Structure formats: C-alpha cells, structure tokens
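Structural overview
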Amino acid sequence: MEEIIRVYQLSKRYAGSDRYALKDLSLSIKQGEIFGLLGPNGAGKTTLISTLCGMIKPTSGELWFKNLNYRQHRRKIQQQIGVVPQEYALYPTLTAAENLYYFGSLYGLPAATLKQDVAHGLERVGLADFAQKPIKTFSGGMQRRVNLLAGILHRPNVLFLDEPTVGVDVHSKEVIMALLQELHEQGTTIIYSSHHLNEAQHFCTKIAIIDEGSIIVEGKPQQLIESVSGATTLENVFIHLTGSQLRDYA
Amino acid sequence: MRKLIVSAYKEVLLLLRDWGGLAILFFMPSVLIITITLIQESTFKAVGESVLPIVLVDEDQGEIGQLVAKNLAEAPNIQLVTELDGSPIDDNRAHALVSSGEYQIALVIPKGISDELNDKVNYNVDKILGEFALTENDSTTANPPEKKWKAKEITIYFDPAAGQTFRNGVKSNIERMLSKVEVQKIYDVFINQMELSEDPGLLNDEIITFNETIAQKGEDGIIPNAVQHNVPAWILFGIFFIVVPLGINLVKEKNLGTYIRLRTSPVSYAIILGGKIMTYTVICLIQFALMLLIAKYIFPLIGLIEFDPGAQLPLMILIAFVAGLAAIGLGILIGTVAETQEQSAPFGAIFVIILAALGGVWVPTFIMPEVMQKVSAFSPMNWGISAFYDVILRNGTATDIARPLGYLLLFFAVTLMAALFYDKKHQTH
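Residues numbered from 1 in each chain as written. Chains lettered and ligands numbered in written order. Predicted model: local features only at pLDDT ≥ 70, side-chain atom pairs only at ≥ 80, totals over all residues.

**Description of the environment of M316 of chain B**
Residues and elements named next belong to chain B. This is how it is decided: Where helices and strands are cited, they refer to DSSP runs of H or I of at least four residues and of E of at least two residues respectively, numbered from the N terminus. The burial criterion counts other C-beta atoms lying within 10 Å of a residue's C-beta, which is placed from the backbone; the residue is buried at 20 or more, exposed at 12 or fewer, and partly exposed between these limits. Note on contacts: each residue gets a C-beta atom placed from the backbone, and two residues are in contact if those atoms are within 7 Å.
With respect to the helices, strands and loops of the structure, M316 is situated in helix α12 (residues 313–337). Take M316: there are 21 C-beta atoms within 10 Å of it, and that puts it in the buried class. Counting along the chain gives 75 residues from M316 to V391, while the straight-line C-alpha distance between them is 7.2 Å. Not counting residues up to four positions away in its chain, the partners in contact with M316 are P309, F388 and V391.

In structure tokens form, the structure reads like this:
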C-alpha cells in the first residue's frame, strides 16, 4: 500500500512547558488503513493529531502528506483531510443543514452539489427530518452524527477522528461506525484516537500505542495481543505496556 | 470570495438568532441615546429654558423686596414661591425646604435692606450733587457728615445636590438682578434730586448688547445643542459596544470547537475574520441609521430638538463606517486574546465605557482637567467625536476629518494585526 502520511523525528514542546508532548516520534501510515492512536491521558495523541491536521507547528522534525511537506503545503494538505474533533464542533443556533453547508463551503464545494450532499448525508445518518432544526435541540448522539458529516462532506483522503463515539447511545454509535466502515471501504484512510480499546481492537487495521510523547508499540491489533503473553484483549496489552498508574497532568 | 461571503452569511445567521446580542447592538444604544439626551437636556434647561421654582422670603417688606419679587415673577423661567399652604415662608422654613431637596434655591431678603439702601443711595447722591452744588440746600448738602453702613446680606440657600456650575449660574443671575435694582434706585434718586420735569429714559435702552454667533464654516451652520453632542456621542458608544458581542462570538467559537474545524479547513484565518468584519460593519451602519432615525423622528415627539444631518449625511456615514472598523478591530483583538466569555464580556464592556469616558461621550473633553484632556487624545472615541463635531458643528469637509479618520483606520489596522499575530503565536505555541 502507498504511504500517505510520514512523520520523521517529530518533537513538540509547548511554550512555557519543560516537558515534551512529542519526542522524536516517527510514523508511517499507509493509504486505506484505519490507524488507531491509543494512549493514556497526556500521552501526546491530541498533539500528534493537531500537528497532522496542520493546527500546530512542531518544534522539530518533518511531516509529509503523500509527497507534500507540511511546512510548504499546509493549505493543500488541509484540502484533502477531514477532521472530526471530540467537541461538538457545530454552531448551536444554526440548523444541521446550515452548519453542514457552511463547513462544506470552506472546502470550496460548489453550492448545488453541496446542497445535494448535505441532504444525502443527513439522510444517511438518519437526520433528514431534522435538517432544518437548530443543533442546540439535538441529543448528544444526533450532534455526533452531524459532527462526523461535517468532517466528510468534501470526501477527504484522510479522516482524523478524535473520540468519535464518546457519550453517544448504542444506536447512534452503530450508525457512526457503519458510516466509517463505508468510508474505509471507499478508500478513505482513517486516523482514529480513542479510549474505547475494545472498539479500537475491532475497528482498526493498525494500532500505535503512544506514551510520554513516543510510540511504544505499533502493529495489527491481533499481532499486539499475541505479542504479550497471557493477553486476550487490547486492554491487556495497553495495561501491560503503559502500567496501571494514573496519568494526571495539569 | 465565496468563502468570504459564506462566512459573512453565517455571522448574519448567528446574530439573527442571538436575541441577547441583538439587544446589545440595537436596543441598548437606542434606550441610551433617548435617556441620556433627555437627562442632559433637563440639566441644560435647569439654568436655561425649564421653569425653576425659587422660594422668596421677604423679611424686608420694602422697596427692594418688592423689586426682587417683581423681577423674579417677570423672569420667564422662574416660578416664585412666597407662601406654602396659605402661610408665608420664613427663613428657617426656607432653609428646611431647600435642605430637604424639595426646592433647589431659596432667597432671603433681610429686614431693613430697603431703608438702608435708600439711606445709602440718598447719602451718596447728595454727596455727589453737593460737590457740584446742584441741590436746593447747597449749603447743607454740599458736605454731608460721613456715615458708615454695615453691609446687609441677602442669603441664598442652595440644595446640596446642586452642582457648582448650576449654583454659579443662578447666583450670577440674581446678582445681576440686584445690581439692576441698585442702579434703578440710584437713577430714581438722581431724577428726584435734580427735579427733572420728565424721565430722560436713560435706562430704557441697553448701551452694550451681545451678538452671539457660532463660529463655523458656511452660511447655513447649525447652532450646537445637547442633541448635537449626544447623537454623535451615543452613536459612537453604540458602535463601540459591538466589541462585546463580537468578543463573545470569537470566544464561543474557541470553546465550542468550531474554531478547530475552521483552523483545520483550507481557509485562512483572515477570511474567517473578513466575514465577521463585513457583517459587523453592516451592523454598525444599521445602528447608525437607527440612531439617526430616532434623533430625527422620535426626539421631537418627546420634547427634544430634532437632529437633522442635512447635507452632511454622507460624511457622517463615512465617519460611522470608519469608527465601526476601529470598534471591530478592538472586538477581534479582545475575542482573540480572551479565553472565556467571563473574560471577554466584562473586559470589553468596561473598556468601552473607559474609552467613552476618556473620549468625551459622558463629559465633553474641553471641561476635563488638562491631564485628562491629554489622555483623551488617545481614545478612538475622541477621534470619532472630533470628526462628527467637525462635520456637524463646523460644516467640515472630508479634508477636515481626514486626520481623525486616519487615526481610526490606524487603530483598526493595529488591533487587527495584533489579533492575527497573537493568534498565530498562540496557534503555533
């Protein structure tokens, strides 16, 4: 498979902090993978995703999207990626359709096709009847579905997901996971960060466990489970590698 | 371009669905302009056009008391109060009425002042005429014996709440009236002593009069009044209050997570801000139009002077537009730096009030202490008010307002650049 994202010796230290959020991290993600980024709180997952999305600049190291370097081609890269943040990144007083239309327009999608895509997307996630309702009236699960749609309307090559199913009911979760599976089948590369280890084990084709700003292990879920004696789940592997100590950072 | 228009449209939708924000933008300035203008108009009228009740205690019951009462009664803006509940008012009661705030002023004419004034005037006139040996009994009046009088005091009680300016104004008017009474008295004695067959009418016409003219350009200038201070002042205040909803708008975006989506989309932050600038500039112009409509059509209905911009309207629109940009720049900076609504809203509101106070919205800058006048020169609202005054009161041209407009544009550029710089710095850490 073709390499789509390459990270080389990436380090990030935030201003005023004496601790590295990312330390000499190298990584390769192939086209069509569902790449799971797992790790305890403060491990550096969000910093890595924010850097890969072009939101923050690294302290040192290099990143490439296909053959494009992030330093020179940030806008071009951002045109080809989709981001689904952990927050409900939507305007509460705008309707679902208005939110989607606005975010889709920022990717330069033509008005006519965008309207069709919005209607089709809402129908796909079971929200066609709520298109003209303001987001603030939606339940958590409904907002998560719209949040996901806002990140995929422009059909990105790579989709970044940060806890896409946190706080949603089983039905919404099923719709979200089915849609993600569909995108994967269509060739979209998914980079997924979550604390739901069971979900990650079944959903991801490849997993990297990150801790203290570095990748400590990387491989297919089953390979990782088999690599730790006595482990039957990804959770066993995770605890084995990162320990049981609480990770609190302020 | 489409991204910019879509961003502006999104801002319009957000504003239309935010009733609190709309109230801050349109309702509050409308209420403020009406309320403050009414209040300031009343204060202005307290020494000018409105009826002021004055308690008069005439313990003299002589000529002076009658003349003072007559002059006060004839004054167009004074209501003379000499008795309450059918009984005359004495010195103690007058003091009590004023100290309780029921009346603002009381005047007490002391007993015997008329006799004393008559005596003094007669003595002085006799003495002067005696010098010229013009009286009947030349031998006796030529050198009348020296006499001394202890000055009689007319007491004026003022309400403790009355301001110094008001007190000075009233005191000056009463002093002028008493001087007139004294002059009239001296004149009468002269006429009487000189036994003229008829009054030559020397006091009928004033020798020196005043021609009050407002120095301004052009022939058809407007006479300044409280409305012409308050309309531009509160238009600017309303425009700058845009800082509050705009700051909240930006902070909300950060807190909601939509900021992440915007920053990871292939669009520059300048376009996102451009959408806000477009929308809020239109809001500023709508605010301006609303305030002008209130000043033109509502003011006359509530007893205030109508404000008519006349031919100066295009320049006023230009000032409102540029002032709007300055306000938007400040709002963007506050919204970019603040992390929570609890930071942006109170800071924005208080900062605008400080800028307004410094800029001469509450009190005109020319009556500020010298130090504050110098500080005032750094307030963007002062630049805006200066430009409005140049246009409204001095019939100024576009060239005349180029400097304050330049300052406002510079303020917009500096605040916007600072916001972009801070965002870039903050974004990249």
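**Side note on the pairing of strand β6 (residues 81–84) of chain A**
All names here are of chain A. Here is the rule: We call two strands paired when DSSP finds no fewer than two bridges between them.
Of the two faces of β6, both are covered, the one formed by I81 and V83 as well as the one formed by G82 and V84. Pairing between β6 and strand β7 (residues 158–162): four bridges, direction parallel. Of the residues in β7, the one forming a bridge with V84 is L161.

**Concerning the interface of chain A and chain B**
Here is the rule we go by: Polar here means any residue other than Ala, Val, Leu, Ile, Met, Phe, Trp, Tyr, Cys and Pro, which are nonpolar, and Asp, Glu, Lys and Arg, which are charged; Gly is therefore polar.
Taken together, the contacts link 26 residues of chain A with 21 residues of chain B. For the side of chain A that touches chain B, the secondary structure elements donating two or more residues are α2 (74–80) and α3 (96–105) of chain A. Looking at which element gives the most residues to the side of chain A that touches chain B, the answer is α3 of chain A, with four residues. When grouped by side-chain class, the residues that make up the side of chain A that touches chain B number 17 nonpolar, five polar and four charged.

**Quick word on the sheet that holds strand β9 (residues 206–211) of chain A**
All names here are of chain A. What counts here: As a rule, the C-alpha atoms of each element are fitted with a line to give its axis, helices using only the stretch in contact, and angles between N-to-C directions run from 0 to 180 degrees.
Pairing is mixed across the open sheet formed by six strands, whose spatial order is β6-β7-β8-β3-β9-β10. Taken across any chain shown, the strands that pair with only one partner, and hence form the sheet edges, are β6 and β10 (214–219). Ignoring strand direction, the axes of neighbouring strands in this sheet form an average angle of 15°. Across four bridges, the pairing between strand β3 (residues 34–38) and β9 is parallel. Bridging across to β9, L37 finds its partner in A208. Those strands touched by helix α5 (residues 140–152) are β6 and β7, and its axis lies near 165° from that of β6.

**A closer look at the sheet that holds strand β5 (residues 105–109) of chain B**
Consider a sheet: its strands pair through backbone hydrogen bonds, and that pairing is either parallel or antiparallel. Residue and element names in this part refer to chain B. The mixed open sheet is built from four strands, whose spatial order is β2-β1-β5-β6. Since the sheet does not close on itself, it has two edges, and those belong to β2 (78–81) and β6 (155–158), each with one partner. Averaged over all pairs of adjacent strands, the angle between their axes in this sheet comes to 25°, without regard to strand direction. Note that strand β1 (residues 52–58) and β2 share four bridges and pair parallel. Residue L52 lies in a different strand from β2, and its bridge partner there is I78.

**Re the packing of helix α3 (residues 63–74) of chain B against helix α5 (residues 113–131) of chain B**
Residue and element names in this part refer to chain B. For clarity, the threshold we go by: Orientation categories follow fixed angle ranges, with anything under 35 degrees roughly parallel, anything over 145 roughly antiparallel, 65 to 115 roughly perpendicular, and all other angles oblique.
Between α3 and α5, whose axes approach to 6 Å, the crossing angle comes to 105°. Considered as vectors, α3 and α5 are oriented roughly perpendicular to each other. Between α3 and α5, the contacting residues are E63, I64 and G65 on the first element and I113, S114 and L117 on the second. Looking at side-chain class alone, the contact of α3 with α5 contains three nonpolar, two polar and one charged residues.

**Digging into the confidence of the model for chain B**
Residue and element names in this part refer to chain B. Defined as follows: Every residue is assigned a pLDDT by the predictor, reflecting its confidence on a scale from 0 to 100.
When the pLDDT values of chain B are averaged, the result is 82; 87% of them are 70 or greater. Model confidence for chain B, summarised as mean pLDDT per element, is weakest for helix α6 (residues 138–141) at 51 and strongest for α12 at 94. Note that residues 219–223 has pLDDT below 50 and, in this model, seven contacts with residues that lie over four places away or in other chains. The ipTM value of the predicted complex is 0.85, and its pTM value is 0.73.

**Topic: the confidence of the model for chain A**
Taken residue by residue, chain A gives an average pLDDT of 88. The fraction at 70 or more is 97%. When mean pLDDT is compared element by element in chain A, α3 of chain A scores highest at 94, while helix α9 (residues 234–242) of chain A scores lowest at 81.

**Section: α3 of chain B**
Residue and element names in this part refer to chain B. Heads up, the condition is: Expected helix span is computed as 1.5 Å times (number of residues minus one). Arc, as used here, means the arc of the directions from the helix axis to the C-beta atoms.
Taking 1.5 Å as the rise per residue, α3 with twelve residues should run 16 Å; its terminal C-alpha atoms sit 16 Å apart, in good agreement. Those residues of α3 that sit buried are I64, G65 and V68. Within α3, the buried residues cover an arc of 100° as seen down the axis, which keeps them to one side. Looking at α3, the residues exposed on the side facing more than 90 degrees away from the buried face are K70, A73 and E74.

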